[in-house]
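One letter stands for each residue in the lines below.
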Amino acid sequence: MKNYAEQYHKETSVGLSENLSKTDRFVMYKTGPVLWVNHGMGIPSLSICLQECIKLMYYAETTDVTFMRLGTSGGLGVEPGTVVISTGAINEFLKPEYIQAVLGKKVKHDAILDKALSDELYECRRFVNTPVEKGITMGTDCFFEGQARLDGPFCDYSSEDATAFLRKLYELGVRNVEMECNCFAAITYRAGIRSAIICVTVVDRLHDDTLKIQKPIFLSPKAFREYEMRTFKLASAYFKDRLANIANNK
Ligand code: URA
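Here the residue numbers are simple positions, counted from 1 along each chain's written sequence. In keeping with the model being predicted, local features are shown solely for residues with a pLDDT of at least 70 and side-chain atom pairs are shown and tallied solely at 80 or more, while totals for entire chains, interfaces and linings include all residues. Heavy atoms from the whole structure form the basis of all side-chain values; hydrogens and water molecules are not counted.

**Student:** What exactly am I supposed to notice about the sheet that holds strand S4 (residues 83–90) here?
**Tutor:** Hydrogen bonds along the backbone pair up the strands of a sheet, which may run parallel or antiparallel. Judged by pairing direction, the barrel is mixed, and its 5 strands sit side by side in the order S3-S8-S7-S4-S9 before closing back on the first. Neighbour-to-neighbour, the strand axes of this sheet turn through a mean angle of 50°, independent of strand direction. Strand direction decides the pairing type here: strand S3 (residues 66–75) and strand S9 (residues 194–204), joined by 9 bridges, are parallel. If you follow Leu-70 over to S9, its bridge partner there is Ile-198. Its contacts with the sheet place helix H3 (residues 115–123) against S3, S4, strand S7 (132–139) and S9, and it is angled at close to 55° to S9. Whether two strands pair depends on DSSP finding at least two bridges between them. The helix and strand labels rest on DSSP assignments: H or I over at least four residues marks a helix, E over at least two residues marks a strand, and numbering proceeds from the N terminus. Here an angle of 0 to 180 degrees is reported between the N-to-C directions of two axes, which are lines fitted to C-alpha atoms, with helices fitted over the stretch in contact. Two residues form a contact once any of their heavy atoms are found within 4.5 Å.

**Student:** When you look at the packing of aromatic side chains in this model, what are you seeing that I'm missing?
**Tutor:** Within a pair of aromatic rings, the relevant descriptors are the distance that separates the centres and the angle that separates the planes. Here the aromatic set is Phe, Tyr and Trp, taking the six-membered ring for Trp, and pairing holds for ring centres within 6.5 Å; pairs whose planes are under 30 degrees apart are stacked, those over 60 apart are edge-to-face, and all others are tilted. For the coordinates displayed, the defined rule picks out 9 aromatic pairs. An aromatic cluster is present here, built from Tyr-4, Tyr-8, Trp-36, Phe-232, Tyr-238 and Phe-239 joined pairwise through their rings. Charge-over-ring contacts are defined here by two conditions on Lys NZ or Arg CZ: a distance within 6 Å of the ring centre and an angle within 35 degrees of the ring normal. Positioned above the aromatic ring of Tyr-122, the side-chain terminus of Arg-125 is 3.9 Å from the ring centre. It is Arg-149 that lies over the ring of Phe-143; its NZ or CZ is 3.9 Å from the centre.

**Student:** It is not clear to me how the UniProt feature "binding site: phosphate" (unreviewed entry) in the chain should be interpreted in this structure. Could you clarify?
**Tutor:** UniProt positions are given in the numbering used here, feature names are shortened, and annotations may be inferred rather than shown by experiment. Mapped onto this numbering, the UniProt entry annotates "binding site: phosphate" (unreviewed entry) at Arg-25, Arg-69, Leu-70, Gly-71 and Thr-72. Counting through the fold element by element, Leu-70 comes out in strand S3. With residues up to four places along the chain from it excluded, the contact list for Leu-70 reads Tyr-4, Trp-36, Ile-198, Thr-231, Phe-232 and Ala-235. On the secondary structure map, Thr-72 appears in strand S3. The residues touching Thr-72, leaving out its near neighbours within four places in the chain, are Glu-178, Cys-199, Val-200, Val-202, Phe-224 and Glu-228.

**Student:** Help me understand the site of the ligand in this model?
**Tutor:** Proximity is defined per residue: any heavy atom of the residue falling within 4 Å of a molecule or strand makes that residue near it. Near the ligand the following residues occur: Thr-72, Ser-73, Gly-74, Phe-143, Gln-147, Arg-149, Val-177, Glu-178, Met-179, Val-202 and Val-203. We define a polar contact as two N or O atoms separated by no more than 3.5 Å, with the added condition that, inside protein, one atom must be a possible hydrogen donor and the other a possible acceptor, whereas residues neighbouring each other in sequence contribute only through side-chain atom pairs. Backbone polar atom of Gly-74 to an oxygen atom of the ligand: 3.4 Å apart, as the coordinates give it. One of the side-chain N or O atoms of Arg-149 is found 2.6 Å from an oxygen atom in the ligand. Throughout, the Shrake-Rupley method with a 1.4 Å probe supplies accessible areas, and for residues the shown protein chains are the sole cover considered. Its free accessible area being 240 Å², the ligand has 92% of it covered by the protein chains. At 3 residues, S3 tops the list of elements feeding residues into the shell around the ligand. When residues are sorted by character, Ala, Val, Leu, Ile, Met, Phe, Trp, Tyr, Cys and Pro go into the nonpolar class, Asp, Glu, Lys and Arg into the charged class, and all the rest, Gly among them, into the polar class. By residue class, the composition of the shell around the ligand is 5 nonpolar, 4 polar and 2 charged.

**Student:** I keep staring at the packing of helix H2 (residues 43–59) against helix H5 (residues 181–191) and nothing clicks. Help me out?
**Tutor:** The angle between the axes and the distance between the axes are what describe a pair of packed helices. It is at 10 Å that the axes of H2 and H5 come closest, and there the two elements cross at 20°. When the axes of H2 and H5 are compared, the pair comes out roughly parallel. Here the hand of the crossing between H2 and H5 comes out right-handed. Contact with H2, carried on its side by Ile-43, Leu-46, Ser-47, Leu-50, Gln-51 and Ile-54, involves Asn-182, Cys-183, Phe-184, Ile-187, Thr-188 and Ala-191 of H5 and no other residues of that element. When the residues that make up the contact of H2 with H5 are grouped by side-chain class, the tally is 8 nonpolar, 4 polar and no charged. Geometric relationships in this document are graded by angle, where less than 35 degrees denotes roughly parallel, more than 145 denotes roughly antiparallel, 65 to 115 denotes roughly perpendicular, and other angles denote oblique. In this scheme the handedness of a crossing depends on how the near helix is turned from the far one: anticlockwise by less than a right angle means left-handed, clockwise means right-handed.

**Student:** Got a minute to help me understand the environment of Tyr-122 in this structure?
**Tutor:** Here Tyr-122 is to be found in helix H3. Think of it in three bands: residues with accessible area under 20% of the maximum for their type are buried, residues over 50% are exposed, and the middle band is partly exposed, with areas taken using a 1.4 Å probe on protein chains only. Tyr-122 gets classed as partly exposed once you look at its relative accessible area, which sits at 23%. Between the C-alpha atom of Tyr-122 and that of Leu-234, which follows or precedes it by 112 residues, the distance is 8.7 Å. Contacts of Tyr-122, omitting those with residues within four sequence positions, involve Ile-85, Val-132, Glu-133 and Lys-134.

**Student:** It is not clear to me how a nonpolar patch on the surface should be interpreted in this structure. Could you clarify?
**Tutor:** Residues forming no salt bridge and having over 30% relative accessible area are the ones grouped into patches, like charges within 9 Å of each other and nonpolar side chains (Val, Leu, Ile, Met, Phe, Trp, Tyr) within 5 Å. We define a salt bridge as a side-chain nitrogen of Lys or Arg found within 4 Å of a carboxyl oxygen belonging to Asp or Glu. Together, Leu-20, Leu-35 and Leu-56 give the surface a local cluster of nonpolar side chains, amounting to about 200 Å² of exposed area. By the element assignment, Leu-56 lies in helix H2. According to the relative accessible area criterion, Leu-56 is partly exposed, its value standing at 34%.

**Student:** How do you make sense of the nonpolar core when you look at a structure like this?
**Tutor:** The tendency in soluble globular proteins is for nonpolar side chains to be buried side by side. We define a nonpolar core as any set of buried Ala, Val, Leu, Ile, Met, Phe, Trp, Tyr and Cys residues linked to one another through side-chain atoms lying within 4.5 Å. Among the nonpolar cores identified, the biggest contains 28 residues, and Trp-36, Met-68, Leu-121, Ile-198, Leu-234, Tyr-238 and Phe-239 are the most heavily contacted of them. Element by element, the count of residues in this core is highest for helix H6 (residues 221–248), at 7 residues. Aside from chain neighbours lying at most four places away, what touches Leu-234 is Val-83, Ile-85, Leu-121, Cys-124, Arg-125, Val-128, Val-132 and Ile-198. In this structure, Met-28, Met-57, Cys-183 and Ile-193 belong to the second largest nonpolar core, which totals 23 residues.

Below, the structure is given as structure tokens:
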């Protein structure tokens, strides 16, 4: 996030704040009207961060707020390095919802992303020199068995079953898998905040389990960092375009 904020500051010359987070859990940088916050890994961490950011937006009396999640993901049938803009978010039971436990009961919330925003982001692909695709994203609570991997410490299914599941996801239009999307989509939708998810794929799960960042022959740390900057490039192109439009219409 610090890299993203610094890069945005370099590209736009808007002021860059210090780290505004007073905890050691998250960081938060402000560049003009754009806040950069890391939410950690998985739904529990994201849920805390997201709800605190919603409170922050409320106390700051902000209007016309957009939330975007930028991250990495496992791709399905797309070249590693492809940026996927989520058109929908499903949970690991393949439902577009986030199931939360409240007062000892299961509560379901619809996981809905803003279609117009995903279309606008897709339009911004003309500003970046990177493959960009749209597709459904699946969020899981487990990186290994939850994402049909064979290389975790446990695995009670066959490689054929894993492949069949991943292929089924592909047929349903799922193009990437990560660990936050359905909660992110549900919380922002419930809050009435337009939101989008942009993730770069670091592996094609139809062919591989492992990210292989240890083996430079496949994906070096440098290449991994370059992949991570691809989501930034698309998001920052959108911010610059949108802010320029707002300024022109004033
Ligand atoms: N993040 C995930 O959740 N899965 C991957 O395969 C890569 C990144």
